[in-house]
Each structure stands twice: as C-alpha cells, then as structure tokens.
Amino acid sequence: MIKKIIKELVYFFTILVVLALVKHPDLLTSPLERLDLILQQGNYLHPFIWSFLVYIFIGIFRLVAKVVVYIKNKK
C-alpha cells in the first residue's frame with residue numbers, strides 16, 4: 001500500500017515539474033526570480049491545482065485502459 005502511494009506521488013510530482021517547465025521555461029535559468037514572482041502574486045496553489053487536474057485526467061485514462069484490458073483478457 002505504501003509503495004502504491006509513493007508511486008502515485010512520484011507521478012503527481014513528475015506532472016508538476018513537467019507542467020512547470022513547459023509553462024515557465026525560465027525556471028531552468030532563473031528559478032529564484034520565478035519564486036519571487038509566485039510570492040509577490042500570491043499564486044501558491046495554482047501549480048498544484050493544475051497538476052491535480054492533469055493527474056485526475058491521466059488517472060481516468062489509466063482506469064479506462066485498465067478496464068478495457070480486464071474485459072479483453074476476460075473474453
């Protein structure tokens with residue numbers, strides 16, 4: 001159970017990092033400036049909200065794929 005939770009957390013934080021780098025490529029060159037902007041604007045949660053939405057979308061896709069494979073193997 002703990003391994004599954006850790007695995008899902010790795011998926012979530014991977015999505016978080018990928019989305020952050022796609023949206024804000026300046027994170028690679030000046031991460032402290034980006035962090036200052038986040039603190040100034042008070043946008044603390046928006047990266048987590050977007051990541052959660054993408055995580056849920058991918059989770060639904062994974063669930064549908066698992067059901068399809070289950071039904072296919074059952075026949």
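Everything in this summary refers to the structure shown in the same document. (Residues numbered from 1 in each chain as written. Predicted model: local features only at pLDDT ≥ 70, side-chain atom pairs only at ≥ 80, totals over all residues. Heavy atoms only, no water.)

Scanning all chains against the criterion turns up 2 aromatic pairs. Their ring planes at 80 degrees and their centres at 6.0 Å tell us that F12 and Y55 sit as a pair that is edge-to-face. Separated by 43 residues along the polypeptide, F12 in helix α1 (residues 2-23) and Y55 in helix α3 (residues 46-74) bring together distant segments of the chain. A residue is classified by how much of its surface remains accessible, and F12, at 13% relative accessible area, is buried. An aromatic cluster is built from F12, F13 and Y55, whose rings are joined through pairwise contacts. (Phe/Tyr/Trp six-rings, centres within 6.5 Å; stacked < 30°, edge-to-face > 60°. Helix = DSSP H or I, 4+ residues; strand = E, 2+ residues; numbered from the N terminus. Buried < 20%, exposed > 50% of the residue type's maximum accessible area, 1.4 Å probe, protein only.)

With that settled, the discussion passes to α1. Spacing of three or four residues puts side chains on the same side of an α-helix, whose turn is 3.6 residues. Between the first and last C-alpha of α1 there are 31 Å, a value that for 22 residues agrees with the 32 Å anticipated at 1.5 Å per step. For α1, every residue scored as buried is listed here: E8, F12, I15 and L16. When α1 is viewed along its axis, its buried side chains cluster within an angular range of 100 degrees and face the same direction. Away from its buried face, by an angle of more than 90 degrees, α1 presents the exposed residues I2 and K3. In this structure, the buried side of α1 is in contact with α3. (Expected span 1.5 Å × (residues − 1). Arc of directions from axis to C-beta. Contact = heavy atoms within 4.5 Å.)

To continue, consider the side chain of H24. Note that H24 resides in the loop between α1 and α2 (31-41). Since its relative accessible area comes to 19%, H24 is described here as buried. Side chain to side chain, H24 and R34 meet in a polar contact 3.4 Å long. (Polar contact = N/O pair within 3.5 Å; in protein donor to acceptor, adjacent residues only side chain to side chain.)

Everything listed here is a matter of geometry and, on its own, says nothing about what the molecule does.
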